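The chain contents come next:
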Amino acid sequence: MTIIDGKKISDEIKSELKIKVEEAKSKGLGVPGLTAILVGEDPASQVYVNSKNKACEKIGMNSVVEILPEKTAETELIEIVRKYNADKNTNGILVQLPLPSHISEQKVIEAILPEKDVDGFHPVNVGKLVIGLETFYPCTPYGIVELLKRYKIETSGKHVVVVGRSNIVGKPIANMLLQKNENANSIVTVVHSAAKDISEFTKHADILIAAIGKPNFITAGMVKEGVTVIDVGINRIDSPESKKGYKIVGDVDFDSVSQKAAYITPVPGGVGRMTIAMLLQNTYNAFIKQNEI
Ligand code: GUN
């Protein structure tokens, strides 16, 4: 059994990008820049935005963080997005989700220029992904594809079972692995909460992608021998014995499932690590495209 090391691979990607950013700077081509917008004070969102900001700075990219009060009006937020659409130093714009309930996430996503939508959430980019055109891939699914590629795990002709149908993970990863290219070409099944018995599907997976948000949901009885398991879950559960009083676990019961798996991602240290690396990759790609390099 091989544990897929998301920390190692994400560090590799960040090092590769750091070199490319330095090269661009030394050639006088400018510096890639990401603007992250956070509305409100959700502690988890604050942690994510801070990590994105630090990761940018570490590889020499420009990073702007715009923090707005919870009561910000939708029109005001859209005006701010438009300001960064027009800003030459911003190559990528990210509005941290979820937004407060009085703001339409869809309207805000659609206000971002598709060319700067480094989350890959704009309907134009979603449509391009579905029909196999070059676009920004949402960062978590992009990270999964990169892990499979760098561990040389065959996807062509393999049965991928995706558990979960979110717009951020389930739907895009299913569509990406369905494409006819060398890092995809899979037979894809998407299963979700309406299934009577999810294990009827998961048992047949060569590659199982769990993105449901339920701690330790996938157990050994639900998978076949030799499966590759990609665990997207980040769930906080009570843990009186740990210092903080809680611990982070995935959607997969790692201890039992790892006994049957050929490859498995740990939580933490698996897919989560990749999301930020791929956000930086998308921002660099946006910079290259916008400057026609
Ligand atoms: N909230 C949870 N995941 C994400 C993500 O990938 N992008 C944004 N913008 N918000 C999120």
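Scroll up for the structure.
Residues numbered from 1 in each chain as written. Predicted model: local features only at pLDDT ≥ 70, side-chain atom pairs only at ≥ 80, totals over all residues. Heavy atoms only, no water.

1. Some points on the site of the ligand
As a reminder, the rule being used: A molecule or strand has a residue near it when one of that residue's heavy atoms lies within 4 Å. Counted as a polar contact is a pair of N or O atoms within 3.5 Å, where, for protein atoms, one must be capable of donating a hydrogen and the other of accepting one, and residues adjacent in sequence contribute only when both atoms are in side chains. Put simply, Ala, Val, Leu, Ile, Met, Phe, Trp, Tyr, Cys and Pro go in the nonpolar bin, Asp, Glu, Lys and Arg in the charged bin, and everything else, Gly too, in the polar bin.
Taken together, the neighbourhood of the ligand is formed by Leu94, Val95, Gln96, Leu97, Asp119 and Phe121. One nitrogen or oxygen atom from the main chain of valine 95 is found 2.8 Å from a nitrogen atom belonging to the ligand. Between a nitrogen atom of the ligand and a side-chain N or O atom of glutamine 96, the distance comes to 3.3 Å. Within the shell around the ligand, the residues separate by chemical class into 4 nonpolar, 1 polar and 1 charged.

2. Side note on the sheet that holds strand β8 (residues 228-231)
Put simply, the rule is: When DSSP finds two or more bridges between a pair of strands, those strands are recorded as paired. Each helix is a run of DSSP H or I of at least 4 residues and each strand a run of E of at least 2, with the numbering of both proceeding from the N terminus.
Reading across from one edge, β1-β11-β8-β7-β5-β6 is the order of the 6 strands in this open sheet, with parallel pairing throughout. This sheet does not close on itself; its edge strands, each paired only once, are β1 (2-3) and β6 (187-191). The pairing of strand β5 (residues 159-163) with β6 spans 5 bridges and is parallel. Bridged to valine 161 within β6 is threonine 189.

3. Digging into empty space enclosed by the protein
Stated formally: Grid points spaced at 1 Å over the protein atoms alone were grouped into cavities, where a 1.4 Å probe fits but cannot get out, and pockets, open sets with protein on both sides within 12 Å along at least five of seven lines, with lining residues defined by an atom within 4 Å of a point. Grid points are joined across faces, edges and corners, and a volume is the space filled by probe spheres set on the points.
A full pass over the atoms with the stated rule returns 1 cavity of 30 Å³ or more. Here the largest cavity is characterised by a volume of approximately 40 Å³. The wall of the largest cavity is formed by Ile93, Leu94, Val95, Leu97, Ile109, Ile112, Asp117, Asp119 and Phe121. Of the residues forming the lining of the largest cavity, the biggest block, 3 residues, is contributed by strand β4 (residues 92-95). When the residues that make up the lining of the largest cavity are grouped by side-chain class, the tally is 7 nonpolar, no polar and 2 charged.

4. Digging into the pairing of strand β7 (residues 207-210)
Filter applied, for reference: Between buried and exposed lies partly exposed: a residue is buried under 20% and exposed over 50% of the maximum accessible area for its type, with that area taken using a 1.4 Å probe on protein chains only.
Of the two faces of β7, the one holding Ile207 and Ile209 and the one holding Leu208 and Ala210 are both buried throughout. The sheet contact formed by β5 and β7 spans 4 bridges and is parallel. Residue valine 161 lies in a different strand from β7, and its bridge partner there is leucine 208. Note that β7 and β8 share 4 bridges and pair parallel. Note on β8: the bridge partner recorded for alanine 210 is aspartate 231.

5. Overview of the side chain of serine 186
Threshold: Working rule for contacts: check all heavy atoms of both residues, and any pair within 4.5 Å makes them a contact.
Checked against the element boundaries, serine 186 lands in the loop between α7 (170-178) and β6. In this structure serine 186 comes out as buried when scored by relative accessible area, which is 5%. Of note is the side chain of serine 186, whose polar atom sits 3.0 Å from the backbone oxygen of threonine 155. Those residues in contact with serine 186, other than ones at most four positions away along the chain, are Thr155, Gly157, Lys158, Val160, Leu177 and Leu178.

6. What to know about the sheet that holds strand β2 (residues 33-39)
Note the threshold: As a rule, the C-alpha atoms of each element are fitted with a line to give its axis, helices using only the stretch in contact, and angles between N-to-C directions run from 0 to 180 degrees.
Strand order in the open sheet made by the 3 strands is β3-β2-β4, with parallel pairing throughout. Here the strands that pair on one side only, and so sit at the sheet edges, are β3 (62-68) and β4. Adjacent strand axes in the sheet meet at a mean angle of 15° when their direction is disregarded. Two strands pair when backbone bridges link them, and β2 and β4 are joined in this way by 4 bridges, in the parallel orientation. Counterpart to alanine 36 in the pairing with β4 is leucine 94. Taken strand by strand, helix α2 (residues 43-58) contacts β2, β3 and β4, and its axis lies near 160° from that of β3.

7. Considering the pattern of salt bridges
How we decide: A carboxyl oxygen of Asp or Glu within 4 Å of a side-chain nitrogen of Lys or Arg is what we treat as a salt bridge.
Within the structure shown, the criterion is met by 12 salt bridges. Ionic pairing is found between lysine 8 and glutamate 12, a salt bridge with its closest N-O pair at 3.9 Å. Here lysine 8 pairs with glutamate 12, and both are found in helix α1 (residues 6-26), just 4 residues apart, close to one helical turn. Residue classification places glutamate 12 among the partly exposed residues on the basis of a relative accessible area of 30%. As a salt-bridge pair, lysine 83 and glutamate 66 come within 3.8 Å of each other at their nearest N and O atoms.

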